[in-house]
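Descriptive structure summary
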Amino acid sequence: MSAHKPEKKVTPPRSFGWIAEYEDENHLLDAARRVRDSGYTRTDAFTPFPLHGIDEALGIKPTVLPWFTLCAGATGTTVALLMQWWMNAVDYPYIISGKPFASWPAFIPVTFELTVLFSAFTTVFAMFGLNGLPKFSNPVFANPRFDRVTDDRFFLWIDSRDKYFNSDKAKALLEDTQAVIVEEVREDDSSAVIPRGLIITILTLILLSLIPGTIILNMRNSKSSKPRFHVFFDMDFQPKRKAQTTTTHFADGRVQRPPVPGTVARGELGLTDVYTLGYDPDATAGLSNSNAMHWVSLQEEAAQEPSAEQPPAAEPAAVAEERPPSPKIAVEPPAEAAAVEPATSDEEAQETTQPVDEPTAPPPAESAPPAGNEPAAEATAGEPNYAWATEFPLPVSEELYDLGKRKFEQNCAVCHGYGGFGDGLVSQRASALAQGYWLQPTSLHEERIQQQPVGRIYYTIANGKGKMGSYAASLNPKERWAVVLYVRALQRSQNAEASDVPAGKL
């Protein structure tokens, strides 16, 4: 008994519509207008070059793609602003450069980036969706005559999915439009089965592409006693000696070499210089405070005399030119001795050259702050007790004053104001926002500032204080002293006397 196989049901290729071929663009435009006027909307035209007016002839409406872009951009803007506001003003309030928590101008860069990002991605994906992409094949590709669409022929297509589509009427309409030929576009009758060889090739390529990642993943999650693979052999095996090892190259047998005599570490030049520090470290080392321990250590290191073979190195020429020769340094007595009578010039010179050996007596009861004066106690808490310079360690001249005025207006006036009253533009702006956390910059005319030695003001400029950062990177030592001089001039301008004015100008 022979097996009976049922006959395979053969279905005719599905029709996708009708396509007409034209010799020139004018015939195509006329045909497109007639098809549009007949009510067809699912149509398309194919030309070898852009054809002006074909959109209107086919009745194509403006695309809605710009609306997708607009909505995505507005969404990106909203998300960016809300995200930054919530992060900076709600979830983690943090003052940055004195700006308010919700600083909308500062949000602009991120807002711009998210707006562009949302718009770009939405536009691309919306374009794909509106055009039905990706589309790997088109039914018209099965027509061999369609190959001339990139050469010298024009085609007009009516899709069978149009709601007014009628096969006979569509064919008759196209035949009446000076078409060279009108053909029905049917489904490609070629086999839809993917060749086995192609499937094997694709799977093989996929497996091969996974090999490098698998090897790297295995190397990162396993241990091996074998040496690693050296890609750059000459870099992995350089002729070098490691520190703390021996060598026969030098007489002492040490690989690590001592520093060259006279070498100064970066940033430590002038560490014991009043001109650079604003206070005398020698006198500070003799004070009975916690900072003395640091300076005692420095003194011990500095006391080591250089050997005969290692003479001290000469000071760099640039620094030597900038620093005035042997400035006269006057040191303010410690805070505990504030009530003592001012010393004579000879006594001051002796104090600057001899460290204080005996601990300073505690302040008298009369000098203690009055009971209940808590703000004054808080103001002095944490103040460094250094031997501040009370005189300028460089010649005071009109040139130095002009330099200080210029640097003050460039670096300080934005907060302290041009008059030094703490009413700069930043302070005015922050106060106008009235968010409650802004502390007005210190007025340089306060009595405690006026009583500070010049070295203390210099120290504040160099190291910062409170929310004021250090200006050591912006002002060199000479410029800092110049600013101190200008601050003194501002303070004097509010307390000038008749004797300060020249006789001819009074």
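Residues numbered from 1 in each chain as written. Predicted model: local features only at pLDDT ≥ 70, side-chain atom pairs only at ≥ 80, totals over all residues. Heavy atoms only, no water.

As annotated in an unreviewed UniProt entry, the protein chain carries the name Cytochrome c domain-containing protein and comes from Aureliella helgolandensis.

**Observations concerning the packing of helix α14 (residues 398-411) against helix α19 (residues 477-493)**
Which entries qualify depends on this criterion: Working convention: axes come from line fits to C-alpha atoms, limited for helices to the stretch in contact. Angles between N-to-C directions cover 0 to 180 degrees. Strands are runs of DSSP state E lasting at least 2 residues, helices are runs of H or I lasting at least 4, and numbering of each runs from the N terminus. When an angle is under 35 degrees it counts as roughly parallel; over 145 it counts as roughly antiparallel; between 65 and 115 it counts as roughly perpendicular; any other value is oblique. Residue contacts are counted whenever heavy atoms from the two residues lie within 4.5 Å of one another. Ten residues, namely Ala, Val, Leu, Ile, Met, Phe, Trp, Tyr, Cys and Pro, are considered nonpolar, four, namely Asp, Glu, Lys and Arg, are considered charged, and the remaining ones, Gly among them, are considered polar.
Where α14 contacts α19, the axes come no closer than 7 Å and their chain directions differ by 90 degrees. Looking at the two axes, α14 sits roughly perpendicular to α19. Packed against α14, whose contacting residues are L400, Y401, L403, G404, K405, K407, F408 and E409, the element α19 presents K478, E479, A482, V483, L485, Y486, V487, A489 and L490 at the interface. The residue makeup of the contact of α14 with α19, split by class, is 11 nonpolar, 1 polar and 5 charged.

**Some words on helix α3 (residues 65-91)**
Convention followed: Working rule for helices: expected span equals 1.5 Å times residues minus one. Partly exposed describes any residue whose relative accessible area lies between the buried limit of under 20% and the exposed limit of over 50%, with all areas from a 1.4 Å probe on protein chains only and scaled to the type maximum.
For α3, built from 27 residues, the straight-helix expectation of 39 Å at 1.5 Å per residue is met to within 8% by its first-to-last C-alpha distance of 37 Å. Within α3 the residues assigned to the buried category are L65, A72, G73, G76, A80 and Q84. Packed against the buried residues of α3 are α4 (104-130).

**Observations regarding the side chain of D162**
For the record, the criterion: For this count, His and the chain ends are skipped, Lys and Arg are scored as positive, and Asp and Glu as negative. One speaks of a salt bridge when a side-chain nitrogen belonging to Lys or Arg is within 4 Å of a carboxyl oxygen belonging to Asp or Glu. Pairs of N or O atoms within 3.5 Å make up the polar contacts considered here, provided that, within protein, one atom can donate a hydrogen while the other can accept it, and that residues adjacent in sequence are counted only when both atoms are side-chain atoms.
Here D162 lies in the loop between β3 (154-159) and α5 (167-175). Summary of buried charges: D162 has no salt-bridge partner, and the nearest side chain of opposite charge, R42, is 6.0 Å away. In this structure the side chain of D162 is engaged in a polar contact, spanning 2.9 Å, whose partner is the backbone nitrogen of Y164. For D162, the residues in contact, after removing those within four places along its chain, are G39, Y40, T41 and R42.

**Some thoughts on the pattern of salt bridges**
Inspection of the entire model under this criterion finds 12 salt bridges. Its salt-bridge partner being R33, residue D30 comes within 3.1 Å of it at the nearest N-O pair. Taken together, the positions of D30 and R33, both in helix α1 (residues 25-37) and 3 residues apart, correspond to about one turn of that helix. Look at D30 and you get partly exposed, because its relative accessible area is 40%. Between R448 and E446 there is a salt bridge, with the nearest N and O atoms lying 3.0 Å from each other.

**Regarding a nonpolar patch on the surface**
Let me state the cut-off plainly: A patch consists of residues exposed above 30% relative accessible area that lack any salt bridge, with like charges linked at up to 9 Å and nonpolar side chains (Val, Leu, Ile, Met, Phe, Trp, Tyr) linked at up to 5 Å. Residue burial considers only the protein chains on display, and all accessible areas are found by Shrake-Rupley using a 1.4 Å probe.
Side chains of V79, L82, M83, W85, W86, M87, V90, W104 and V110 sit close together on the surface and give an oily, nonpolar patch of about 810 Å² of accessible area. It is α3 that provides the largest number of residues to the nonpolar patch, a total of 7 residues. Counting through the fold element by element, V110 comes out in helix α4. Taking the relative accessible area as the measure of exposure, V110 reaches 35% and is therefore partly exposed.

**Description of the UniProt feature "transmembrane region" (unreviewed entry) in the protein chain**
Selection criterion: UniProt positions are given in the numbering used here, feature names are shortened, and annotations may be inferred rather than shown by experiment.
Following the UniProt record, the feature "transmembrane region" (unreviewed entry) maps to residues 64-86, 106-128 and 198-219 here. For residues 198-219, the end-to-end C-alpha separation is 33 Å, with 100% helix and 0% strand making up the annotated structure.

**Notes on the sheet that holds strand β4 (residues 181-186)**
Note the cut-off: Two strands qualify as a pair provided DSSP detects at least 2 bridges between them.
Reading across from one edge, β2-β3-β1-β4 is the order of the 4 strands in this open sheet, with antiparallel pairing throughout. Of all strands in the sheet, those bounded by a partner on one side alone are β2 (43-46) and β4. On average, adjacent strands in this sheet sit at an angle of 20 degrees to one another, irrespective of strand direction. Two strands pair when backbone bridges link them, and strand β1 (residues 15-22) and β4 are joined in this way by 6 bridges, in the antiparallel orientation. Its bridge partner lying in β4, W18 is registered against E184. The sheet contacts of α1 involve β1, β2 and β3, and relative to β3 the element is tilted by about 15 degrees. Against the sheet, α5 makes contact with β1, β3 and β4, and its axis sits at roughly 5 degrees relative to β1, the strand it touches most.

**Structural notes on the side chain of R480**
Within the element layout of this structure, R480 appears in helix α19. One buried charged side chain, R480, makes no salt bridge at all; its nearest oppositely charged neighbour is E479, positioned 7.1 Å away. Engagement of the side chain of R480 in a polar contact is seen with the backbone oxygen of L475, the distance being 2.8 Å. Beyond its immediate chain neighbours, meaning those up to four positions away, R480 contacts T276, Y458, I461, A462, Y471, A472 and L475.

**Overview of the packing of aromatic side chains**
As a reminder, the rule being used: Any two rings among Phe, Tyr and Trp, with Trp reduced to its six-membered ring, count as a pair given centres within 6.5 Å; such a pair is stacked if its planes are under 30 degrees apart, edge-to-face if over 60, and tilted if neither. For a ring to carry a charge above it, either NZ of a lysine or CZ of an arginine must fall within 6 Å of the ring centroid while also lying within 35 degrees of the normal to the ring plane.
Counted under the stated rule, the structure contains 18 aromatic pairs. Ring geometry for Y279 against W388: centres 5.7 Å apart, planes inclined by 90 degrees, an arrangement best described as edge-to-face. Of this pair, Y279 sits in the loop between α8 (274-277) and α9 (281-285) while W388 sits in the loop between α13 (374-380) and α14, placing them 109 residues apart in sequence. By the burial criterion, Y279 is buried, and W388 matches it. Ring centres of Y458 and W481 lie 4.3 Å apart, and the angle between their planes is 20 degrees; on these two criteria the pair is classed as stacked. Taken together, the residues span a long stretch of sequence, with Y458 in helix α18 (residues 454-463) and W481 in helix α19 at a distance of 23 residues. One exposure class covers both Y458 and W481, and it is buried. Within the aromatic cluster, the residues linked to one another by ring pairs are F46, F141, F146 and F155. Over the aromatic face of F250 sits the side chain of R257, whose NZ or CZ is 3.9 Å from the ring centroid.

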